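Below are the chains, spelled out letter by letter.
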Amino acid sequence: MSVPVLAKPQLRGLLAKRLRIHIIAAFALSLGCATIYKFAVAEPRKKVYQNFYRRYDAVKDFEEMSQAGIFQYGKP
Amino acid sequence: MLATRVFGLVGRRAISTSACVRSHAGVVKTEDYSLPGYVDRRDYPLPDVAHVRTLSSSQKALKEKEKQPWSKLSSEEKVQLYHIKFNETFAKMNQSSNEWKTVIGAAMFFIGFSGLIVIWNKHYVYGPLPQTFSEEWVSMQTQRMLDMKVNPVQGFSAKWDYDKKEWKK
């Protein structure tokens, strides 16, 4: 034969090859989303709550609410 | 014994039915939609039948000429032979159109018309808003929410400055 033989094309495992990329991307994206959520939403929220409750006085809070007159029992 | 009897009856009926069908074939016309049809589809490139069913005399002559070496056919004859077999070329079949503009335009028009209906409803059909929507009621409501310290950590009351009695900047 004078014509050079073509290389045999990839016949099997095409879907698996395509899906491998997608599986890696899915893992990376979901881990990324979880990390971003943790550091952008969850941690700041925990800090805000910690700060709020550090100086929180429940009795004083109750007195203020009672003075404002929102309770139906025991009016000042 | 009984089983063979039953089988005999079934077999006889099956044979008589097929005999009926065979004799009926010349009487009932087969409708076009029950026969293989022609389609112009990108995902079905070689349809079940040719586009032209009954050839005219010139087309018949062309088909005879097709039996000779094809180098004798001119370009127009080749295109004619193509169109005997196929209706539209792939290029023509796959052509996009401007129909989407009409669709979007009509959809927007009808949405706009629904907007007019909504306005008419508000004006002629609905009664007045409840008093709880008035300016003064809403301000009384807001003050009560702040007194109750609704969502004091991150939400509503967290945005109110209780010392200066104003919204936090």
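Sequence order sets the numbering: in each chain, residues are counted from 1 along the sequence as written. Numbering of ligands from 1 and lettering of chains from A proceed in the order in which they are written. In keeping with the model being predicted, local features are shown solely for residues with a pLDDT of at least 70 and side-chain atom pairs are shown and tallied solely at 80 or more, while totals for entire chains, interfaces and linings include all residues. Note: side-chain values were computed over all heavy atoms of the structure, leaving out hydrogens and water.

### Points about the overall build of chain A
Then comes step 1: A tally of regular secondary structure across chain A gives 2 helices and 0 strands.
Then comes step 2: Per-residue burial over chain A gives 7% buried out of 76 residues.
Then comes step 3: Carbon and sulfur atoms make up 65% of the accessible area of chain A, which totals about 7300 Å². Helix and strand assignments follow DSSP, with helices taken as H or I runs no shorter than four residues and strands as E runs no shorter than two, numbered in order from the N terminus. Buried, partly exposed and exposed residues are distinguished by accessible area as a fraction of the type maximum, computed with a 1.4 Å probe on protein chains only: under 20%, between the cut-offs, and over 50%, respectively. Accessible areas in this description were obtained via Shrake-Rupley with a 1.4 Å probe; residue shielding takes into account the shown protein chains only.

### Digging into the overall build of chain B
Then comes step 1: From N to C terminus, chain B includes 6 helices and 2 strands.
Then comes step 2: In sequence order, chain B lays out its α and β elements as α-α-α-α-α-α-β-β.
Then comes step 3: Within chain B, the proportion of its 169 residues that are buried is 10%.
Then comes step 4: Here, residues are in contact when the closest pair of their heavy atoms is within 4.5 Å. Once local pairs closer than 6 in sequence are excluded, the contacts in chain B between residues at least 24 apart make up 35%.
Then comes step 5: Put simply, chain B shows about 14800 Å² of open surface, and 63% of that area lies on carbon and sulfur atoms.

### Quick notes on the UniProt feature "transmembrane region" (unreviewed entry) in chain B
Then comes step 1: UniProt positions are given in the numbering used here, feature names are shortened, and annotations may be inferred rather than shown by experiment. As recorded in UniProt, the sites labelled "transmembrane region" (unreviewed entry) are residues 102–120 of chain B.
Then comes step 2: Each end of residues 102–120 of chain B is marked by a C-alpha atom, and these two atoms are 27 Å apart; helix forms 100% of the span and strand 0%.

### Description of the UniProt feature "transmembrane region" (unreviewed entry) in chain A
Then comes step 1: Here, the residues flagged by UniProt with the feature "transmembrane region" (unreviewed entry) are residues 20–40 of chain A.
Then comes step 2: A helix fraction of 100% and a strand fraction of 0% characterise residues 20–40 of chain A, whose end C-alpha atoms lie 30 Å from each other.

### Notes on the interface of chain A and chain B
Then comes step 1: Opposite the 9 residues of chain A that make contact, chain B presents 7 residues.
Then comes step 2: Here the quantity called buried area is the total loss of accessible area, with a 1.4 Å probe, experienced by two parts when brought into contact, counted for both. Overall, the association of chain A and chain B removes approximately 820 Å² of surface from exposure, summing both partners, and the carbon and sulfur fraction of that is 62%.
Then comes step 3: Considering only the side of chain A, the residues that lose the most area to chain B are Phe52, Met65 and Ile70 of chain A, jointly responsible for 49% of the buried surface there.
Then comes step 4: The term salt bridge refers to a side-chain nitrogen of Lys or Arg lying within 4 Å of a carboxyl oxygen of Asp or Glu. Applying the counting rule to chain A against chain B returns 2 salt bridges.
Then comes step 5: We note a salt bridge from Lys149 of chain B to Glu64 of chain A, for which the minimum N-O separation is 2.2 Å.
Then comes step 6: Between N or O atoms, a polar contact is any pair within 3.5 Å; within protein, one atom must be a potential hydrogen donor and the other a potential acceptor, and residues adjacent in sequence are included only when both atoms are from side chains. Put simply, chain A and chain B have 3 residue pairs in polar contact (both at pLDDT 80 or more) between them.
Then comes step 7: When residues of the side of chain A that touches chain B are traced back to their parent elements, those giving at least two are helix 1 (14–54) and helix 2 (58–68) of chain A.
Then comes step 8: Residues that form the side of chain A that touches chain B fall into these classes: 6 nonpolar, no polar and 3 charged. Amino acids outside the nonpolar list (Ala, Val, Leu, Ile, Met, Phe, Trp, Tyr, Cys, Pro) and the charged list (Asp, Glu, Lys, Arg) are all regarded as polar, and Gly is one of them.

### Focus on the environment of Met145 of chain B
Residues and elements named next belong to chain B.
Then comes step 1: Looking at where Met145 falls in the secondary structure, it is placed in helix 6 (residues 135–147).
Then comes step 2: Its relative accessible area of 26% is what places Met145 among the partly exposed residues.
Then comes step 3: Those residues within four positions of Met145 in sequence are excluded, and the remaining contacts are Val150, Phe156 and Ser157.

### Some details on the packing of aromatic side chains
Then comes step 1: Note on aromatic pairs: the rings of Phe, Tyr and Trp (six-membered ring only in Trp) are paired at centre separations within 6.5 Å, and the planes decide the class, stacked below 30 degrees, edge-to-face beyond 60, tilted for the rest. In the structure shown here, the tally under the stated rule is 11 aromatic pairs over all chains.
Then comes step 2: When the centroid spacing of 5.4 Å and the interplanar angle of 80° are considered together, the rings of Phe109 of chain B and Phe110 of chain B count as edge-to-face.
Then comes step 3: The exposure class of Phe109 of chain B is exposed, given its relative accessible area of 56%.
Then comes step 4: Grouped by ring-pair contacts, the aromatic residues Tyr49, Phe52, Tyr53 and Tyr56 of chain A constitute a single cluster.
Then comes step 5: Lysine and arginine charges are scored as sitting over a ring when NZ or CZ, respectively, is within 6 Å of the ring centre and within 35 degrees of the ring normal. In this structure, Lys38 of chain A packs its charged tip against the face of Phe39 of chain A, placed 6.0 Å from the ring centre.
Then comes step 6: Above the plane of the ring of Tyr162 of chain B lies Lys149 of chain B, whose end atom (NZ or CZ) is 5.0 Å from the centre.

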